Amino acid sequence: MRRFRRLLANEFKLFRTAIPIHVVITVQPTILYLLMSVILVHPTFDMHVARPATGEGLALVAAMEEVGSPIGLPYINPILVDWDGGPVTRQVVVVEEQRDADGVHPVAVQYYGLIDSNLVKNFRNRLTAAVLILWNESLDARAVTVEQHPWLPHDVPYTVYFGMALLPLTASIAASVLGGALTAQEFEFGTILEYRLAPVSPAWILGARLTRLVLWSLIAAVMLLVAIGLTTGAWPDSFLGVGLILVPVGLIAGCLGVLAVLVFRKLIPAFLVGLVASFVGWLLGSAFGLAAGFGGLYELVSRFTPGTHAVELLFPRYLGIEIGSPRISVLVLVLLSVGMVALTGLAYRWRVLRRA
Amino acid sequence: MESVLSVRSVTRRFGNRSGGLVAVDDLSFEVRQGELFGLLGPNGAGKTTTLNLITGLLGRHGGAITVLGYDPEQEPRRVRRRIGLVPQETNVYTDLSALDNLWHHAALYCDDLSGVKARIQELLTLVNLWERRKDPVRTFSGGMKRRLALARALLHEPEIILFDEPTMGVDVQGRHALWAHISELQARGKTFILSTNDMAEADALCDRLVIIDHGQAIALDTPENLKTDLGRDIVLLRTTPEVAAPEALFAGLGVQATTRPEPGLLRFEVAGAERLVGDLVSRVTAEHRLESLRIARPSLDDVFLHHTGRALRE
C-alpha cells in the first residue's frame, strides 16, 4: 500500500510535465457548460405579445405565464410590446376577436419572422398549451383558434438550415485544429527555428500559414456543401458568395488555433482549444435556429460569434431571403478577422521572434 | 585574412542581473574568412549561447558582435541572409522527404528560386543523400539527418556556417563522413564556426579554436599551438601498489599537475618525458611493480585540464 501511495504521489507530481493540458481539460468543460447553459438548460422562451386590449387577451397572457414544466419552470416569458402590425423579425402573438354565426371567438394569432420551422413548432406547441389553460379556465364552450402567419414566403426546411449552419463550424474546425496542429508541430520538432532565423518578414510567414488554413477550411466546407446539396437538393445561389462568407470564419478560427499554440506551445491543449471553441462558437452562433428566434441572452451572446453573422449572410444564399443586417454582419466579420490577425501577429512576435 | 566575425567582450546573463547565471562572460574572438573555427568546451560552457548571440536569436548584455560588418541585433535580416545554422537538435520535417525539406528552406531563405533546383541536387550529392532524396526523413539515420541539416544550412549560399555539435549522436562512420563534407566545403571557401565538446573533432577539423569554460575564453590558438604551448608531455603510470607520494618519488624531475584519473593510474605532466624515461622507471621500480608506462603528447583535453583543473568531459 505504501508503494501504491508513492506511485500515486509520483503520478500527481507529473502534473508539472503537462500543466497546460491539465488546465485545459479541467477548465474547458466548465466553460462549455456555462456557455451551453445559455441555450440548452433554460427552458423558457421569450415570446412577444401585443399589449392586449381585451380581457381575454390579458387572460391569455396570464395563461402563457402559467405554462411550464411539471417542476414549475415556465416555458414562456411573455413580453408585452406595442405593435403597430408591421413586419416582425422575431414573433408577436396577438389576441384578436373573430365574429361568426356562433358569436365572437378569441383568436391567438402568431406572427413570426426570422424563425425556422423547428422553432415555430416549438413556439406553437407552447402557445397551444397556454390556450388550453385559458380554455379550461374561462372560455367554457367557446372555441379558440391558434393561427400562424409567416412573414417569409416559404417555410425553412430544417435539414437545409441545419446544414447551412454547419458550414461555419466546418470551416472553423478545419482552420483552428489544423492551425494548432501545424504550429505546435513546429515547436515540438524544433522547426520553428527555421522561421525564427528566416530573413523574411514575419507578416509573409504568418500570412502564408493563415492563407493555407483558410483555403483548407474552404475545401472542408465545399465537401459539406455538396453533401447538403445532394441530400436536400438545396444549393446556394452563389458558390463564390458562400466562399467569401466563410473566409473570415476560417481566418478567425485559424488565428485562434495558432494563438492557442503560441500560448501553450503544445499540440493537445491547442487541439482542445480549437475544437471546443469551434463547437461553442457553433452552438452559440445560431446552430439550431436564428439568434433572433431565441431572443434574450442567447441572441445577445450569439451576436459576438462569427457563426451568427455567417449564418445570417448564408441565409439569402440558400433561401433567397435577406435577413438581419448584412452590412453589420460583414462589418463584424471583417472587424473580428482584423482583430484576430493583429492579435496573432503580436503573439507571434512575442512568442517566436522576440529576442530573449 | 579578412575577419568575417568579431566577438568583443560579449556578456550574456540568464535570470536576474544580480543572482542569475552568466552564460557568456567577457568573451572575445575573431574568425577569419575561409577559416574553420571551433568553440570547444564542456556542456554548459556557453557555446550554444555564443552561437545564438551571433545569429541574433539572443540579445547580449554587453560587448559587441559584428558578422560580415553587421550587428546581428541591429540588422538581423542582413546577418541571417549570410549565415547558415545547423542547430544542436536536428530540426528537420521527418515526414517530408529530403527534397521537400530543402524546398521548404528555399522558400524561406532564398530570394531567387531560379537556381535552387540545381543547387539542391548539388548539395544532396555532396552530402551523399541524392539517392535518398525522395525518402521520408524519418527513415534516415542520425548521421544522414545531420548531413541533410548541413545541406539545408548551405542552400541559400551563406558565407558563414554555424554548426552546433556537428556529430552529436552520430555513429563513427557518419561522423567521419560529416567531417569530410565539412572539410570539402571549407576547401571551397566557406567559413565554419563549430561548437563542440569533442576534442578529437576539434583537433581534426579546426584551424583555430577558443576553449570556453563558464562562458569565458581560457585559451585561443591553433590546436597544435595550444598543445605545444603546454610545453610538457603527459605521463600515465600504472603500478602495484599505487605510488602514494608522487611529489616525493619524482622530486627534482619537474613533475606537475599530478592527478589520479582512476584507481591505480597516476597522471602527470613533465617536460621532455622521453629523456626522463630511464630515471622515471628506475625510481618507480625501486619500490613498485611497473604495470604500464605511457608517454603521450598533450591533447586538447590536456590543454583544458591544464587551464581549468578539470577534464573536458567532467
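Residues numbered from 1 in each chain as written. Chains lettered and ligands numbered in written order. Predicted model: local features only at pLDDT ≥ 70, side-chain atom pairs only at ≥ 80, totals over all residues.

S.K.: Could you clarify how one ought to interpret the overall build of chain A in this entry?
M.R.: The number of helices and strands found in chain A is 13 helices and five strands. Counting the 356 residues in chain A, one finds 38% classified as buried. When contacts within chain A are restricted to residue pairs at least 6 apart in sequence, long-range pairs at least 24 apart make up 76% of them. (Helix = DSSP H or I, 4+ residues; strand = E, 2+ residues; numbered from the N terminus. Buried ≥ 20, exposed ≤ 12 C-beta atoms within 10 Å, placed from the backbone. Contact = placed C-beta atoms within 7 Å.)

S.K.: In this structure, what is going on with the environment of I19 of chain A? I would like to understand it.
M.R.: Positionally, I19 of chain A belongs in helix α2 (residues 19-37). Separated by 260 residues in sequence, I19 of chain A and F279 of chain A place their C-alpha atoms 23 Å apart.

S.K.: For this particular structure, what's the right way to read the environment of G264 of chain B?
M.R.: Residue and element names in this part refer to chain B. Relative to the helices and strands, G264 is located in the loop between β11 (256-262) and β12 (265-270). Residues G264 and T240 lie 24 residues apart in sequence; the distance between their C-alpha atoms is 7.4 Å. Residues contacting G264, with those up to four places away along its chain left out, are R238 and E242.

S.K.: Teacher, can you tell me more about helix α7 (residues 202-232) of chain A here?
M.R.: For an α-helix the count is 3.6 residues per turn, leaving residues at separations of three or four pointing the same way. Residue and element names in this part refer to chain A. Over its 31 residues, α7 runs 44 Å from end to end, which matches the ideal 45 Å to within 8%, given 1.5 Å per residue. By the burial criterion, the buried members of α7 are L206, R209, L210, L213, V214, S217, L218, A220, A221, L225 and I228. Considering only its buried residues, α7 is in contact with α5 (158-189), α8 (239-264) and α13 (326-353). Backbone geometry just downstream of α7 places G233 in the positive-phi region, at approximately 80°. (Expected span 1.5 Å × (residues − 1).)

S.K.: Help me understand the domain arrangement of chain A, please; the structure alone is not making it clear to me.
M.R.: Accessible area lost on assembly of the parts is the figure often given for the size of an interface. Considered domain by domain, chain A is made up of domain 1 (2-39 + 157-354) and domain 2 (45-142). Here the C-alpha centroids of domain 1 of chain A and domain 2 of chain A sit 39 Å apart. (Domains from an automatic or database assignment.)

S.K.: Honestly, the sheet that holds strand β10 (residues 233-240) of chain B in this entry has me stumped. Any pointers?
M.R.: Within a sheet, adjacent strands bond to each other through the backbone by hydrogen bonds, running parallel or antiparallel. Residues and elements named next belong to chain B. With antiparallel pairing, four strands are arranged side by side in an open sheet as β11-β12-β10-β13. Single-partner strands in this sheet number two, and they are β11 and β13 (289-296). The sheet shows a mean angle of 20° between the axes of neighbouring strands, taken without regard to direction. (Pairing = 2+ DSSP bridges. Axes fitted to C-alpha atoms, helices over the stretch in contact; angles between N-to-C directions.)

S.K.: Where do I start with the sheet that holds strand β2 (residues 21-32) of chain B in this structure?
M.R.: Residues and elements named next belong to chain B. Taking strand neighbours across the sheet as the criterion, the three strands line up as β2-β1-β4 in an open arrangement whose pairing is antiparallel. Taken across any chain shown, the strands that pair with only one partner, and hence form the sheet edges, are β2 and β4 (62-67). With direction set aside, neighbouring strand axes in the sheet form an average angle of 20°. On the sheet, helix α1 (residues 47-55) packs against β1 (3-14), β2 and β4 and is oriented at approximately 65° with respect to β2.

S.K.: So what exactly am I meant to see when it comes to the nonpolar core here?
M.R.: Inside soluble globular proteins, nonpolar side chains tend to come together where they are buried. By size, the foremost hydrophobic cluster in this structure holds 70 residues, and its most contacted members are L148, A151, L162 and I193 of chain B. Apart from residues no more than four positions distant in its own chain, L148 of chain B is found in contact with V92, A98, N101, V127, L129, V137 and F140 of chain B. In terms of nonpolar packing, the next biggest core, distinct from the first, is built from 56 residues, A184, L206, V214 and L259 of chain A among them. (Core = buried A, V, L, I, M, F, W, Y, C linked by C-beta atoms within 7 Å.)

S.K.: When you look at the packing of helix α8 (residues 223-230) of chain B against helix α11 (residues 300-308) of chain B in this model, what are you seeing that I'm missing?
M.R.: Any two packed helices are characterised by the angle at which their axes cross and by the distance between the axes. Residues and elements named next belong to chain B. Between α8 and α11, the shortest axis-to-axis distance is 9 Å and the interhelical angle comes to 55°. Put simply, α8 runs oblique to α11. The element α8 and its partner α11 pack so that their crossing is left-handed. Listed contacts from α11 to P223, L226, K227 and L230 of α8 are L300, D302, V303 and H306. (Parallel < 35°, antiparallel > 145°, perpendicular 65-115°, else oblique. Left-handed = near helix turned anticlockwise from the far one by under 90°.)

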